[in-house]
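# Descriptive structure summary
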Amino acid sequence: MTHVRPGQLKIYLGAAPGVGKTCRMLDEGRRRAARGADVVVGLVECRRRPHTESLLTEAEAAGLDVVERARVRYRGGEFTELDLDAVLARGPEVVLVDDLAHTNVPGAGRNPKRWQDVDRLLTAGIDVVTTVNIEHLESLKDVVEKITKMPQAETVPDDVVRRAHQIELVDVAPESLRRRMAHGNIHAPEKVDAALANYFRTGNLTALRQLALLWVADRVDEALQAYRSEHNIGGVWETRERVVVGLTGGPEGDTLIRRAARIADRSVGGELLAVHIARSDGLAAGTSHASLTRQRRLVEDLGGSYHSVVGDDIATALVEFARAENATQLVLGSSRRGRVERFLTGRGTGEAVVEASGDIDVHTVTHERAGAGTLLPSRRRTLSGPRRVGGPVAGLLLPVVLTLLLDLDMAREHLNLTSEALLFLLAVVGVACIGGVLSAVVASVTASLLLNYWFMPPVGHFTLGDPNSMLALVVFAIVAATVAAVVDRSLRLSRRSARATAEAETMSSLAGTIVRGGQPIPALLERAREAFGVAAAELVAEPPDASDAAVTAVPAGADAYLVLRGRPLPSADRRVLAAFAAHVGAAVERARLAEAAAEVEPVKAADRMRTALLRAVGHDLRTPLAAALAAIGSLRSRDLDFSEHDREELLATADESMAKLNRLVDNLLDMSRLQAGALKLELRDTALEEVLPPALDSLPDHCPVETGSLEEIPAVLADPPLLERVIANLVGNAARHTPAGGKVLITASALAGRVELRVVDRGPGLPPADRDRVFEPFQRLGDTDNTTGLGLGLALSRGLAEAMDGTLTPEDTPGGGLTMVLSLPFAERVRAVERVREVNGARGPGVWHSERL
């Protein structure tokens, strides 16, 4: 079987519509075709832009094949989409596909989204050149909506864009883009004023441009980091300011973080990174995890990122991390050690970092704990290298120095043998505390020999055969060994206690990740990778090959395994790893349950709808039916003799009841068709004067209505019977809430290619919190009054309006009341494709991965 090379994706990214992405894509296609590549045009959206249309014509003239679009009928209209099957059958080298975030019309092909069609082309080995706007990136959807005040229904996952082989920014200054709009090069003339006043405001375009520039800058930075890692480049390339702040978990961390954030903010695009160096087994005993958690939140609130790095030598690990991140500056706190401690222990972390930093600037920040002594327990749970070396040396030198001091005349005159022996014993105990058992043995032997030779008679001779001398030597050795054993045991107990505390706090933080919800699996994998100091952590469905010692795998629930790659883990760490796996398994199970719940929710919603319908129709169908039957039964009765007036009144009652019943059944049928997507539309030029009179005629006589002038209002693109139903429902709803003696006002206006019809009442109005709820079907069931209908009128009206590419929104009436605003497009405006939101399913095992570059 021949292996097909995946195609390469090139994306032209823009800050807003009209910057020239499609034109650049067509130019790219022509250049590749001129170099001999087989290039076809899969789909290009010209949007009636003359320059784009001329470029497409030139591309066809230059020999580019244009694949005919697939035609799809949907809700009474005909639309065109990318013909994926035709492109695959053609099998070109390169295909041009515009608008990556586009949602396909239902029934148009294999996939609901165009980016999924592009993925299929890439899998088939076809290179794709495409376009996308920054507003369509999933991660920036909320940000763009806050800036432009316009929701984005079409999005593309960031990962799809990140995987592109090339991303090229098409950048245009906001002023130039607004000139293009004003000249009619982007939208049709009737839309220009509204666009310039809303989406295409200078502030909006500037903010979108900044988003695009920063997003592309981050992708360039990722590529640079990958290149440096691939070529083992350790030097700092000062392409942007990156400030790394080292955290120990002490109280000075907040001060350091804020200081580093101010340094990063001084340069445009500056980046803040906080790092904590943990011991090699990943459990940072002696560190306040509560403080680190608080400081991590502070870093993230300030726009930075938090990292945990494993390393025995803090200075080396800190500098290596800074170089790996291409940092330009390092921020450290001044030492908490006092003068005596610095004298005894020598060079500290700060001095070591300065010596190893090279071309990285190091800032040492003072704080309230500077020089006050170590607040946290020592990081060393076993004897450090200096103590292991210095202990035996002290065991040899300290007794010699003491001997020289005691041999002075002044000491000889005031001290006797007992005092001298106690001083030697004190020296031995001190060496045992410093260097452990080996140092204690060396010190005891040295001290006993010197005491025997210089101070025990006969002075100047060894008297090891004497029982007293042997007893002194044995006592020295026993005392030294005992003290060393106690010190060693204390260190071991301290290590166990610190490790147990660290394990408990680590498990607590993991549990918090699960409880907080969201997407905890990537966070747990990253936490596992950092905690155990491995190169990668991933969640897979099948266990890996067990022959690799650098790979550790533990079960994480049904059909899921947590795999760590990079170094073999000691048995002491596997207990903690099992706890990590248990938490990951819980997160996986939670994701599966969420997926199952998402699948069941539509069924539950349909069931609730059916239940509500059955409860509601009992009253609302029975009431008019009973009234009509009673009236007709009375008229047919031979025992009763009605006057002409009574007969007319009974016939009117029957007629009104049957009309009400007919409207109710029509509403139910239309709502069912809307929800099933089976409502057929016949859109045509429709004047408001055409539909308003019959809509008002269908209402009861007690609905007083006042209409404004509609003569200069353009015709709209609508289905006349459906528009009549919408207006009738809106006016009837307004009449029910209008006080006695008041009137319902109907006005209309035209703006930016749309007609806005307003139905105004002077009733009690509607609180903002209930403005979405009022459009829910059967919402009256929760009200205190169920006698006025099913509550389908507004729900049906909004559904019909949206089916005709319109909107229905409530507004406050000045002076009190509610105004329903129905917005529809001009008749000459081409009806846009109704967008269908994509529902993303929960991810399963095998797709989560965390890796260190």
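Up top is the structure.
Calculation rules
Residues numbered from 1 in each chain as written. Predicted model: local features only at pLDDT ≥ 70, side-chain atom pairs only at ≥ 80, totals over all residues. Heavy atoms only, no water. Helix = DSSP H or I, 4+ residues; strand = E, 2+ residues; numbered from the N terminus. Buried < 20%, exposed > 50% of the residue type's maximum accessible area, 1.4 Å probe, protein only. Axes fitted to C-alpha atoms, helices over the stretch in contact; angles between N-to-C directions. Parallel < 35°, antiparallel > 145°, perpendicular 65-115°, else oblique. Left-handed = near helix turned anticlockwise from the far one by under 90°. Contact = heavy atoms within 4.5 Å. Nonpolar A, V, L, I, M, F, W, Y, C, P; charged D, E, K, R; others polar. Pairing = 2+ DSSP bridges. Core = buried A, V, L, I, M, F, W, Y, C linked by side-chain atoms within 4.5 Å. Salt bridge = Lys/Arg side-chain N within 4 Å of Asp/Glu carboxyl O.

### Notes on the environment of alanine 447
Mapped onto the elements, alanine 447 comes out in helix 17 (residues 417-454). The exposure class of alanine 447 is buried, given its relative accessible area of 0%. Considering only alpha carbons, one finds alanine 447 and leucine 397, 50 residues apart in sequence, at a separation of 9.8 Å.

### Observations concerning the packing of helix 22 (residues 688-697) against helix 23 (residues 720-737)
Each pair of packed helices gets described by two things: the angle between the helix axes and the distance between those axes. Contact geometry for helix 22 and helix 23: axes closest at 8 Å, N-to-C directions at 50°. Here helix 22 lies oblique to helix 23, going by the angle between them. Pair helix 22 / helix 23 crosses with right-handed handedness. Between helix 22 and helix 23, the contacting residues are Leu688, Glu690, Val691, Leu692, Pro694, Ala695 and Leu696 on the first element and Pro720, Leu723, Glu724, Ile727, Ala728 and Val731 on the second. When its residues are assigned to classes, the contact of helix 22 with helix 23 shows 11 nonpolar, no polar and 2 charged.

### A short note on unusual backbone geometry
Even without being a glycine, arginine 48 presents a positive backbone phi close to 60°. Along the chain, arginine 48 falls in the loop between strand 2 (39-43) and helix 2 (50-61). Although it is not a glycine, aspartate 805 adopts a positive phi angle of roughly 65°. Within the element layout of this structure, aspartate 805 appears in the loop between helix 24 (793-803) and strand 22 (807-812).

### Focus on the environment of methionine 25
With respect to the helices and strands, methionine 25 occurs in helix 1 (residues 21-34). Setting aside its immediate chain neighbours within four residues, methionine 25 contacts Tyr12, Leu43, Val44, Leu96, Val97, Asp98, Val129, Thr130 and Thr131.

### Side note on the sheet that holds strand 8 (residues 166-170)
One open sheet accounts for 6 strands, arranged 3-2-6-7-1-8; its pairing is parallel. Across the chains shown, the open sheet's two edge strands, defined by having one partner strand only, are strand 3 (65-66) and strand 8. Examined bridge by bridge, strand 1 (residues 9-14) and strand 7 (residues 127-133) share 6 bridges and lie parallel to one another. Across the sheet, the residue bridging to tyrosine 12 is threonine 131, located in strand 7. Relative to strand 7, helix 1 is tilted by about 165°, and along the sheet it contacts strand 1, strand 2, strand 6 (94-97), strand 7 and strand 8. Its contacts with the sheet place helix 4 (residues 114-123) against strand 1, strand 2, strand 6 and strand 7, and it is angled at close to 175° to strand 6.

### Section: the nonpolar core
Of all hydrophobic cores here, the largest spans 63 residues; its most connected members are Ile134, Val156 and Phe200. When residues no more than four places from it in sequence are discounted, the contact partners of phenylalanine 200 are Pro17, Leu177, Arg178, Met181, Ile186, His187, Ala195 and Leu205. Leu681, Leu692, Met804 and Phe826 belong to the second-largest nonpolar core, a separate cluster that totals 40 residues.

### Concerning the pattern of salt bridges
Charged atoms that come close allow side chains of opposite charge to pair. Considering all chains together, one arrives at 23 salt bridges under this definition. For glutamate 168, the salt bridge identified is with arginine 24, shortest N-O distance 2.2 Å. Here the residue glutamate 168 occupies a position in strand 8, and arginine 24 occupies one in helix 1, the gap between them amounting to 144 residues. The class for arginine 24 is partly exposed, based on a relative accessible area of 31%.

It is worth stressing that arrangement in space is one thing and function is another; only the former is reported here.
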